[in-house]
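Residue-level structural notes
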Amino acid sequence: VQLQAYGGGLVQAGGSLRLSCAASGHTYNRDIMGWFRQAPGKEREFVAALSRNGGSTTYADSVKGRFTISRDNGMNTVYLQMNSLKPEDTAVYYCAASTYIWGLRVREASYDSWGQGTLVTVSS
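Residues numbered from 1 in each chain as written. Predicted model: local features only at pLDDT ≥ 70, side-chain atom pairs only at ≥ 80, totals over all residues. Heavy atoms only, no water.

1. Details of empty space enclosed by the protein
Across all of its chains, the model carries 1 cavity of 30 Å³ or more by this definition. If you add up the space inside the largest cavity, you get close to 40 Å³. Taken together, Cys21, Ala23, Tyr28, Asn29, Met33, Arg71, Asn73, Asn76, Thr77 and Val78 make up the full set of residues lining the largest cavity. Elements with a minimum of two residues in the lining of the largest cavity: strand 3 (17–24) and strand 8 (77–82). The class makeup of the residues in the lining of the largest cavity is 5 nonpolar, 4 polar and 1 charged. (1 Å grid on protein atoms, 1.4 Å probe; cavity = no way out; pocket = protein on both sides within 12 Å on 5 of 7 lines; lining within 4 Å. Points joined across faces, edges and corners; volume = space filled by probe spheres on them. Helix = DSSP H or I, 4+ residues; strand = E, 2+ residues; numbered from the N terminus. Nonpolar A, V, L, I, M, F, W, Y, C, P; charged D, E, K, R; others polar.)

What follows is the structure, given as structure tokens:
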């Protein structure tokens, strides 16, 4: 059971990045998939979640309208498209998988598997 996040990098404010999370060793199309982030000196926070069938999404207010979470179950991959990036989006981004109910999707403790994180740096 492994999640591998990649796609981070340095981008100017207003730019875009797409993060990917490749899953192996497990059929993740049965899981809720989420993205979290941790900025320097801050606690890890919820960013976005996607339901098992891809029909429902939830976003943190700070990224709503700018970020889009999606999944390709055939590729066992989850994406986070990030547009209109701001310096305050700078953080290490983590993908995670949850076997719990949808009602717990924003809670970090409900996620069973975590990727290693990928750094996103947005310059002003």
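Anyway, onward from the coordinates.
2. Quick notes on the pairing of strand 4 (residues 32–38)
The side chains of a regular strand alternate between both faces of the sheet. In terms of burial, strand 4 is largely enclosed, as 6 of its 7 residues are buried. Here strand 4 pairs with strand 9 (residues 91–98) via 7 bridges, running antiparallel. Each bridged residue has a counterpart across the sheet, and for Gly34 the counterpart in strand 9 is Ala96. Here strand 4 hands over to strand 5 (residues 45–50) after 6 residues, with Gly41 in that stretch at a positive phi of 75°. (Buried < 20%, exposed > 50% of the residue type's maximum accessible area, 1.4 Å probe, protein only. Pairing = 2+ DSSP bridges.)

3. Some details on the packing of aromatic side chains
Evaluation of the coordinates by the stated rule reveals 4 aromatic pairs. Arranged with centres 5.6 Å apart and planes meeting at 80°, the rings of Phe36 and Phe46 form a pair that is edge-to-face. A residue pair is termed long-range when its members are at least 10 positions apart, and Phe36 in strand 4 and Phe46 in strand 5 qualify at 10 residues. For the ring pair Phe36 and Tyr111, a centre distance of 5.0 Å and an interplane angle of 80° mean the geometry is edge-to-face. With Phe36 in strand 4 and Tyr111 in the loop between strand 9 and strand 10 (113–114), this pair connects stretches of sequence that are 75 residues apart. With respect to burial, Phe36 and Tyr111 carry one shared label: buried. Ring-pair connections join several aromatic residues into one group, and the members of that group are Phe36, Phe46, Tyr111 and Trp114. Lying across the ring of Tyr94, Arg44 places its NZ or CZ 4.7 Å from the centre. Taking NZ or CZ as reference, Arg44 lies 3.9 Å from the ring centre of Trp114, over its face. (Phe/Tyr/Trp six-rings, centres within 6.5 Å; stacked < 30°, edge-to-face > 60°. Lys NZ or Arg CZ within 6 Å of the ring centre and 35° of its normal.)

Everything listed is a geometric property; what it means functionally is a separate question.
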